[in-house]
Amino acid sequence: MAFVSDKVKNLPPYLFSEFQQKKKKLEAEGMDVIDLGIGAPDLPAPQFVVDKLAEEAQKPENHRYSTYSGCQEYREAVAGFYKNQYNVDLDPDTEVLAVIGSKEGIANLMHAVINPDDSVLVPDPGYPVYRTAVQLAGGKSVSLPLDHTDGYVPLFNQVDASTAQTAKAMFLNYPANPTAATVHLDTFLKAITFAEKNHMLLVHDAAYDMVTFNGYQSPSVLQVPNAKETAVEFGSLSKSFSMTGWRIGYMVGNKEVVQALSALKSNIDTSQFLPVQRAAAAALTSDFSASAANNKIYQERMEKLHDALSEMGLQADQPNGTIFLWVKIPNGYTSMEFAGKLLNEAGVIVTPGNAFGSQGEGYVRISLSVGKNRLDEVINRIKALDLKEVTNG
Ligand SMILES: *Cc1c(COP(=O)(O)O)cnc(C)c1O
């Protein structure tokens, strides 16, 4: 460990690695393991986007460096998407920045906006990257309480005044990973009011903005009047167009923050490969029928699994978005024990809720990343388990 920094040594242990090791072992023993722990779509990227990538890759001018903030075509496509989808006006030159996936953007943003020991509010349960991003930038994350009983909306009135006043930034994420919670614009209005009052930056992660169903449309935080004075929003092609490996997303909103992250990133990376940006621009300027078709598939999987779990007495709110079910575990188990039981006895990997923060205890996240036939197999295997074993003694 002589060459390794304290920063890296202090990274939280990768909670999923234990399950992945176990998966390998069980597979080596001949078990057919079904992995519903992965938070990524199994569906392919749309063919027209792949074709556009191939076409653009043929052009030598696209083999050069991109401009630092992303190419004009991509930034204009993002601004056009905001206009069409949310009726929000964005200046593609100053209010839009290309990022190499929103994870990269989120991690680097913390270096661009916080100083050592600054505190940042993060949703609990929430996407673990927020916490580690804050930690890597030398800051301290503070749990933002969410209402378990009412759609996981933020409980701003439970944040004490001094915590609120000292926090430099706050993360929100709807449709949410891991809880699959969705909100309406009034939640963002409250969030902006809270952030404004306490002079903190609101960072909204909209990774699942277009992965919605049941007629629900996800709002943008920038639809709140004057939100640009207080907020930035991350978006990604990863989930809406099944492009996780392409590494392309964006940050939009507050000019000063867009400029700060762009300045930082210009010293670290030189944006994404131009053909990837141009293919992503084609996706964002499309009619989104490819996303709609995928959403239909997720919705069908969701309904199938949700209904089957309900019949078994396993409760989950029926989501309007994301690719997850957030399932309450039976009494008598910890999240880890229940996830362990599913793996050992049913060969099914799910993610224990406490991997997303202490408030995730009591739940597991099930990812809908396999087809319907495999889900039938999952259902049959879980049905065959005696889930009450621990409770009864
Ligand atoms: C998947 C995911 C991301 C990461 O998206 P990339 O753009 O692929 O980096 C960000 N936020 C949440 C909540 C996610 O689930």
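The model shown is predicted, which means the values in this text are computed figures rather than measured ones.

We note that the domain assignment places domain 1 (6-45 + 289-385) and domain 2 (47-284) within the chain. Relative to domain 2, the C-alpha centre of domain 1 lies at a distance of 25 Å. Between domain 1 and domain 2, the residue contacts involve 33 residues of the former and 35 residues of the latter. Together domain 1 and domain 2 conceal approximately 2900 Å² of surface at their shared face, both sides included; 57% is due to carbon and sulfur atoms. Linking domain 1 to domain 2 there are zero salt bridges. Mapped by element, the contributors of at least two residues to the side of domain 1 that touches domain 2 are helix 12 (289-311), strand 9 (324-328) and strand 12 (363-367). In terms of residues, the side of domain 1 that touches domain 2 owes the most to one element, helix 12, which gives eight residues. Its residues placed into classes, the side of domain 1 that touches domain 2 shows 17 nonpolar, 13 polar and three charged.

This brings us to the packing of aromatic side chains. Per the counting criterion, the structure on display carries 14 aromatic pairs. Each ring, one from Tyr82 and one from Tyr86, has its centre 5.2 Å from the other, and the planes form 50°; the classification is tilted. Of the two residues, Tyr82 and Tyr86 are both situated in helix 4 (residues 72-86); the distance of four residues between them amounts to about one turn of the helix. A relative accessible area of 0% places Tyr82 in the buried class. By relative accessible area, which is 6% here, Tyr86 ends up buried. Ring centres of Trp326 and Tyr363 lie 5.0 Å apart, and the angle between their planes is 10°; this geometry places the pair in the stacked category. Here Tyr363 lies in strand 12 and Trp326 lies in strand 9, a separation of 37 residues in the sequence. Residue Trp326 is classed as buried on the basis of its relative accessible area, which comes to 5%. Connected via pairs of aromatic rings, a cluster forms that spans Phe81, Tyr82, Tyr86, Phe241, Tyr250 and Phe288.

This part takes up the site of the ligand. Around the ligand, 14 residues are found, and the nearest of them are Ser102, Asp205, Ser236, Ser238 and Lys239. Taking Asn177, its side chain carries an N or O atom lying 2.9 Å from an oxygen atom of the ligand. When the free accessible area of the ligand is taken as 380 Å², the share hidden by the protein chains comes to 95%. Among the secondary structure elements, those contributing two or more residues to the shell around the ligand are helix 5 (102-113) and helix 9 (237-240). Among the residues making up the shell around the ligand, the classes are represented as four nonpolar, six polar and four charged.

Quick look at the packing of helix 3 (residues 47-57) against helix 11 (residues 274-284) now. Their axes nearest at 8 Å, the elements helix 3 and helix 11 cross at an angle of 145°. The two elements helix 3 and helix 11 cross, and the hand of that crossing is right-handed. Of helix 11, the residues touching helix 3 (which contributes Phe48, Val49, Lys52, Leu53, Glu56 and Ala57) are Pro275, Val276, Arg278, Ala279, Ala282 and Ala283. Residues that form the contact of helix 3 with helix 11 fall into these classes: nine nonpolar, no polar and three charged.

This brings us to the nonpolar core. Side chains that are nonpolar tend, in soluble globular proteins, to be buried together. Formed by 60 residues in total, the largest nonpolar core has its most connected members in Tyr74, Tyr82, Met170, Leu202, Leu237, Tyr250 and Leu284. Put simply, the parts of the chain that give this core at least two residues each are helix 4, strand 2 (96-99), strand 5 (167-172), helix 8 (185-197), strand 8 (249-253) and helix 11. The two domains that each donate at least three residues to this core are domain 1 (6-45 + 289-385) and domain 2 (47-284). Among all residues touching Tyr74, those that are not within four sequence positions of it are Ala98, Leu237, Ile248, Gly249, Tyr250, Gln277, Ala280, Ala281 and Leu284. If you look at the next biggest cluster of nonpolar residues, it comprises 42 residues, including Tyr208, Leu325, Ala339 and Ile349.

Tracing the backbone through its elements, the reader meets Leu237 in helix 9. Looking at Leu237, the relative accessible area reads 1%, which means it is buried. For the pair formed by Leu237 and Val4, sequence separation is 233 residues and the distance between their alpha carbons is 33 Å. Apart from residues no more than four positions distant in its own chain, Leu237 is found in contact with Tyr74, Ser242, Met243, Ile248, Tyr250, Ala280, Ala283 and Leu284.

What follows is about the layout of surface pockets. Reported here for the second largest pocket is a volume of approximately 300 Å³. Taken together, 17 residues line the second largest pocket, and the ones lying closest to its centre are Tyr152, Thr179, Ala316, Asp317 and Gln318. Ranked by residues supplied to the lining of the second largest pocket, first place goes to strand 9 with three residues. Considering only residue class, the lining of the second largest pocket consists of eight nonpolar, seven polar and two charged.

Here we come to empty space enclosed by the protein. Inspection of every chain in the model, using the stated rule, returns three cavities of 30 Å³ or more. Estimated volume of the largest cavity: approximately 80 Å³. Considering the residues around the largest cavity, the lining is formed by 13 residues, among which Pro123, Pro125, Leu146, Asn173 and Ala176 are closest to the centre. By residue class, the composition of the lining of the largest cavity is nine nonpolar, four polar and no charged.

So, about the environment of Ser369. The residue Ser369 is located in the loop between strand 12 and helix 14 (372-383) in this model. As for Ser369 and Ile34, which are separated by 335 residues in sequence, their C-alpha atoms are 9.8 Å apart. Residues in contact with Ser369, not counting those within four places in the same chain, are Asp35, Leu36, Ile38, Ala40, Asp42 and Arg301.

What counts and what doesn't
Residues numbered from 1 in each chain as written. Predicted model: local features only at pLDDT ≥ 70, side-chain atom pairs only at ≥ 80, totals over all residues. Heavy atoms only, no water. Domains from an automatic or database assignment. Contact = heavy atoms within 4.5 Å. Buried area = accessible area lost by both parts, 1.4 Å probe. Salt bridge = Lys/Arg side-chain N within 4 Å of Asp/Glu carboxyl O. Helix = DSSP H or I, 4+ residues; strand = E, 2+ residues; numbered from the N terminus. Nonpolar A, V, L, I, M, F, W, Y, C, P; charged D, E, K, R; others polar. Phe/Tyr/Trp six-rings, centres within 6.5 Å; stacked < 30°, edge-to-face > 60°. Buried < 20%, exposed > 50% of the residue type's maximum accessible area, 1.4 Å probe, protein only. Near = heavy atom within 4 Å. Polar contact = N/O pair within 3.5 Å; in protein donor to acceptor, adjacent residues only side chain to side chain. Areas by Shrake-Rupley, 256 points an atom, 1.4 Å probe, with all protein chains shown as cover. Axes fitted to C-alpha atoms, helices over the stretch in contact; angles between N-to-C directions. Left-handed = near helix turned anticlockwise from the far one by under 90°. Core = buried A, V, L, I, M, F, W, Y, C linked by side-chain atoms within 4.5 Å. 1 Å grid on protein atoms, 1.4 Å probe; cavity = no way out; pocket = protein on both sides within 12 Å on 5 of 7 lines; lining within 4 Å. Points joined across faces, edges and corners; volume = space filled by probe spheres on them.

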